[in-house]
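Structural description and commentary
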Number of protein chains: 2
Amino acid sequence: MAAKGTSREIRLAARPVGFPKGSDFELAETPIPSPGDGEVLVRNVYMSVDPYMRSRMAERKSYAPSFKVGDPMTGGAVGQVVESRSDALAVGDWVNSMNGWREYYVADGGSLMKIDPALAPVSKALGVLGLTGFTAYVGLLDLGQPKEGETVFVSAAAGAVGSVVGQLAKLRGCRVVGSAGSPEKVAHLREIGYDEGFDYKRESPADALDRLCPDGIDVYFENVGGDHLEAALPRMRTFGRIVVCGLIAQYNDTELQPGPSLVPLLTSRVTIRGFIVSDHFDRLADFLRDMSGWYREGKVTDEETVVDGIENAPAAFMGLLRGENRGKMLVKVGPDEPVAA
Amino acid sequence: MAAKGTSREIRLAARPVGFPKGSDFELAETPIPSPGDGEVLVRNVYMSVDPYMRSRMAERKSYAPSFKVGDPMTGGAVGQVVESRSDALAVGDWVNSMNGWREYYVADGGSLMKIDPALAPVSKALGVLGLTGFTAYVGLLDLGQPKEGETVFVSAAAGAVGSVVGQLAKLRGCRVVGSAGSPEKVAHLREIGYDEGFDYKRESPADALDRLCPDGIDVYFENVGGDHLEAALPRMRTFGRIVVCGLIAQYNDTELQPGPSLVPLLTSRVTIRGFIVSDHFDRLADFLRDMSGWYREGKVTDEETVVDGIENAPAAFMGLLRGENRGKMLVKVGPDEPVAA
């Protein structure tokens, strides 16, 4: 079939080094494609830009495959069917797809998610009623598990996800504090229900959290990383939860920051959990039953390094800190046989 | 009652600065106390030295209260009742307590845990059958949730907890790799069932993990921190779990290391979890029901920053990365009204 006009699209021209620049993108024109049997032609009306796209512009390992240089980029888009050869969709139907960054596309009619324009403005399917809102919903409610009366801190709180997270936390009866990058955004946080907000360009997250969360943080919804994470970590309350949704401060790094990078938490969906055994005494009876069985059967052995004499206990302890033990380090402070006191 | 002799004890003489030294401890003598009604006099035979005690020597916030300067230190100890004025315990009974670092103590007879010396040598109540083994059991099995065929990495693997963790991971059918601080300890790891071990004083954890865990790590049982954690994080497999039991590399730090410190994970039992929304599509129907309801009722509002024209999409994206948006950032790539293609 002959082309019926041109469709503009944005291609990845080069992998950005550090912060992306205009020349990393290329605006190109292609003929408008024609739908085959079962397919539809869609004209996009809205497309989403999201921080995760920065990761996909790079070649590094991430949860989503990298964009290819020379290819159009992809992302969430809402458009309208303008030609249909599919029974699933009619001309005029609104659909949601991952075929953003272009004006027109052809797709299998059954592969597109139809949007009901009576429910809300169609653009909401890219925001509060789309992946953005879903990210806030799953991240805060399922993973953060906020409880009534708890303190929730949200970084990049005026952003797409953050602004929904704060409102959901209020629905759950929490106190909600957010960071944002301008006085106007901080004012906006209060309008949408945040109890407190601060401008991280004017006050360090550490100082702001001391001021606004003097009793600590129960749930930290992390969109930023960097100094936000460094400030939040030591201010977490006992059994606190940090949900890492994004680390936008680190996406444009060209050099590794000092210290452990938490980016793999996100890309590999890793959980890190600190624990103290005394919180788990409900498992003590199970432990004694299982472990004494394994010990008797020789399935678990146990080596001891024994230092003699209480006067040598400090040296034993210092040796332990230097790794001079093998297995359990003990100090024998008296003979095995009972003596009269 | 008159004293019947002297009991030696180790007191905290000074809070250590950096690595503890001998003069931070003081060996002192006190009269052997006499038990009152319901009490017993216990002579300690074994006492445990454990890395967590380093934290308790400092004044900083931790999960356990700090030791007081001038007071005897405390910790796990196994001893024998030498005098009893309690119905709960008889002379000769073996008991487990937290009254270590001293030769004799008096305690309420009902407050002590009796040990059965027929089950295992009594010192095991401080090791594999005590808090050490319990820590390995809860940390690996309950929190790490290792599955058959998974790869488990254990730091300080020849230590008291680590040597039990490795054996439990083998019982669960995992491949187990451990780090230790000498060739002798590495050889010992293989004796107790570890599949592989490396000497972190001769090979960096990063190089060793590339060599020994080329397909990544499913469960990391963390006793060390520092370069071990930095090496493990980017090598975690999807949905990997890091259980932080100890961070011994950091206990003696006098200065903050660069980057976020994960010590609060331990002291406050914090969970950090990275997530990707596409792993949670089973919740999509719940989300659409809840969020469209909240949206209609005005409980969740949603702001958009809309940039016009696909040619401006790169600028919109870069603006997003600079935080120039409020709420959801969208690009309008065409008119709202359908046109013929």
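Residues numbered from 1 in each chain as written. Chains lettered and ligands numbered in written order. Predicted model: local features only at pLDDT ≥ 70, side-chain atom pairs only at ≥ 80, totals over all residues.

**Points about the overall build of chain A**
The helix and strand tally for chain A stands at 9 helices and 15 strands. Its C-alpha atoms give chain A a radius of gyration of 28 Å, clearly above 20 Å, the size a compact globule of 341 residues would have. Based on the C-alpha atoms only, the size of chain A along its principal axes is roughly 105 × 50 × 40 Å. Expressed as a percentage of the 341 residues in chain A, the buried residues total 51%. (Helix = DSSP H or I, 4+ residues; strand = E, 2+ residues; numbered from the N terminus. Rg over C-alpha atoms; globule rule 2.2 N^0.38 Å. Buried ≥ 20, exposed ≤ 12 C-beta atoms within 10 Å, placed from the backbone.)

**Describing the sheet that holds strand β13 (residues 271-274) of chain A**
Strand order in the open sheet formed by 12 strands is β10(A)-β9(A)-β8(A)-β11(A)-β12(A)-β13(B)-β13(A)-β12(B)-β11(B)-β8(B)-β9(B)-β10(B), with mixed pairing between adjacent strands. Each of the sheet's edge strands pairs with one partner strand only, and the pair in question is β10 (196-199) of chain A together with β10 (196-199) of chain B. Strand-to-strand, the axes of this sheet are offset by a mean angle of 15 degrees, without reference to chain direction. Note that strand β11 (residues 217-222) of chain A and strand β12 (residues 236-244) of chain A share 5 bridges and pair parallel. Looking across to β12 of chain A, one finds that Y220 of chain A is bridged to I242 of chain A. Seen against the sheet, helix α4 (residues 183-191) of chain B touches β9 (175-180) and β10 of chain B and runs at an angle of roughly 170 degrees to β10 of chain B. Contacting β8 (151-154), β9 and β10 of chain B, helix α5 (residues 205-212) of chain B crosses the sheet at an angle of about 160 degrees to β10 of chain B. (Pairing = 2+ DSSP bridges. Axes fitted to C-alpha atoms, helices over the stretch in contact; angles between N-to-C directions. Contact = placed C-beta atoms within 7 Å.)

**Some words on the pairing of strand β12 (residues 236-244) of chain B**
In the sheet, β13 of chain A pairs with β12 of chain B via 4 bridges, with the strands oriented parallel. Opposite I272 of chain A, over in β12 of chain B, you have I242 of chain B as the bridge partner. What joins strand β11 (residues 217-222) of chain B to β12 of chain B is helix α6 (residues 227-232) of chain B, and the crossover it makes is right-handed. (Right-handed = clockwise from strand over helix to strand, strands pointing away.)

**Let's talk about the relation of the copies chain B and chain A**
Mapping chain B onto chain A leaves a residual RMSD of 0.0 Å; the transformation is a rotation of 180 degrees accompanied by 0.0 Å of translation along its axis. Accordingly, the operation relating the two chain copies is best matched by a two-fold axis. Counting the interface residues of chain B, we find that 99% of their copies in chain A are interface residues as well, pointing to one common contact surface. (Least-squares fit on C-alpha atoms with pLDDT ≥ 70 in both.)

**Quick look at the confidence of the model for chain A**
Where the model shows low pLDDT, its predicted coordinates should not be examined in detail. Summing up the model confidence of chain A, the mean pLDDT is 91 and the portion of residues at 70 or higher is 94%. Scored by ipTM, the complex comes to 0.84, with pTM at 0.86. (pLDDT = per-residue confidence, 0-100.)

**A few points about the domain arrangement of chain A**
Each assigned domain of chain A is listed with its residue range as follows: domain 1 (6-126), domain 2 (131-274) and domain 3 (279-332). Taking only C-alpha atoms, the centre of domain 1 of chain A and the centre of domain 3 of chain A are 60 Å apart. (Domains from an automatic or database assignment.)

**Things to note about the interface of chain B and chain A**
Counting residues at the interface gives 130 residues for chain B and 129 residues for chain A. Among the elements that make up the side of chain B that touches chain A, the one with the highest residue count is helix α2 (residues 131-144) of chain B (10 residues).

**Focus on unusual backbone geometry**
Residues and elements named next belong to chain B. Of note in this structure, Q145 is not a glycine but carries a positive phi near 50 degrees. Considering the arrangement of structural elements, one finds Q145 in the loop between α2 and β8. If you check the backbone angles, A156 has positive phi at about 50 degrees while not being a glycine. Within the secondary structure, A156 sits in the loop between β8 and α3 (160-171).

**Comments concerning helix α4 (residues 183-191) of chain A**
Spacing of three or four residues puts side chains on the same side of an α-helix, whose turn is 3.6 residues. All names here are of chain A. Listed in full, the buried residues belonging to α4 are K185, V186, H188 and L189. All buried residues of α4 project into a common sector of 155 degrees when viewed along the axis, lining one side. Within α4, the exposed residues directed more than 90 degrees away from the buried face are P183, E184, R190 and E191. On its buried side, α4 packs onto α3 (160-171), β9 (175-180) and β10. G193 lies just past α4 and shows a positive phi near 115 degrees. (Arc of directions from axis to C-beta.)

**Concerning the packing of helix α2 (residues 131-144) of chain A against helix α8 (residues 284-296) of chain B**
Closest axis-to-axis distance for the α2 of chain A/α8 of chain B pair is 10 Å, and the angle between their directions is 105 degrees. With respect to each other, α2 of chain A and α8 of chain B are oriented roughly perpendicular. Each of G133, F134 and Y137 of chain A in α2 of chain A lies in contact with α8 of chain B, whose residues at this interface are L284, F287 and M291 of chain B. (Parallel < 35°, antiparallel > 145°, perpendicular 65-115°, else oblique.)

**Some points on the packing of α2 of chain B against α3 of chain B**
Residues and elements named next belong to chain B. Contact pair α2 / α3: the axes reach a minimum separation of 8 Å and the direction vectors enclose 50 degrees. Taken as axis vectors, α2 and α3 run oblique relative to one another. The handedness of the crossing between α2 and α3 comes out as right-handed. Here α2 contributes T132, G133, T135, A136, Y137, L140 and L141 to the contact with α3, which in turn contributes A160, V161, V164, V165, L168 and A169. The residue makeup of the contact of α2 with α3, split by class, is 10 nonpolar, 3 polar and no charged. (Left-handed = near helix turned anticlockwise from the far one by under 90°. Nonpolar A, V, L, I, M, F, W, Y, C, P; charged D, E, K, R; others polar.)

**Some thoughts on the nonpolar core**
Counting residues in each nonpolar core, the largest one holds 200 residues, and the members touching the most others are A232 of chain A together with A232 of chain B. Residue contacts for A232 of chain A: discarding those within four places in its chain leaves F153, L209, I217, Y220 and I242 of chain A. (Core = buried A, V, L, I, M, F, W, Y, C linked by C-beta atoms within 7 Å.)

**Focus: the environment of I115 of chain B**
Residues and elements named next belong to chain B. The residue I115 is located in strand β7 (residues 113-115) in this model. Taking the C-alpha atoms as reference points, I115 and W94, separated by 21 residues in sequence, lie 5.3 Å from one another. Apart from residues no more than four positions distant in its own chain, I115 is found in contact with V78, W94, V95, N96, V122 and A125.

**A few points about the environment of P31 of chain B**
All names here are of chain B. Tracing the backbone through its elements, the reader meets P31 in strand β2 (residues 25-31). Among the residues examined, P31 registers 13 C-beta atoms within 10 Å and is labelled partly exposed. The spatial distance from the C-alpha of P31 to the C-alpha of K4 is 7.1 Å, given a sequence separation of 27 residues.

**Some points on the pairing of strand β4 (residues 77-84) of chain B**
Residues and elements named next belong to chain B. Burial analysis of β4 places 6 of its 8 residues in the buried class, which makes it a mostly covered element. Across 4 bridges, the pairing between β4 and strand β5 (residues 94-97) is antiparallel. Each bridged residue has a counterpart across the sheet, and for A77 the counterpart in β5 is S97.

**Remarks on α2 of chain A**
For α2 of chain A, a buried count of 12 out of 14 residues is recorded, marking the element as mostly surrounded by other parts of the structure. Residues of α2 of chain A that are buried: L131, T132, G133, F134, T135, A136, Y137, V138, G139, L140, L143 and G144 of chain A. Among the structural elements, α3, β11 and β12 of chain A together with β13 (271-274), α8 and β15 (328-332) of chain B are those in contact with the buried residues of α2 of chain A. Directly after α2 of chain A, the chain includes Q145 of chain A, whose backbone phi takes a positive value near 50 degrees.

**Description of the environment of H280 of chain A**
Looking at the element boundaries, H280 of chain A is found in the loop between β13 and α8 (284-296). Apart from residues lying up to four places away in sequence, H280 of chain A is in contact with V138 and D142 of chain B.

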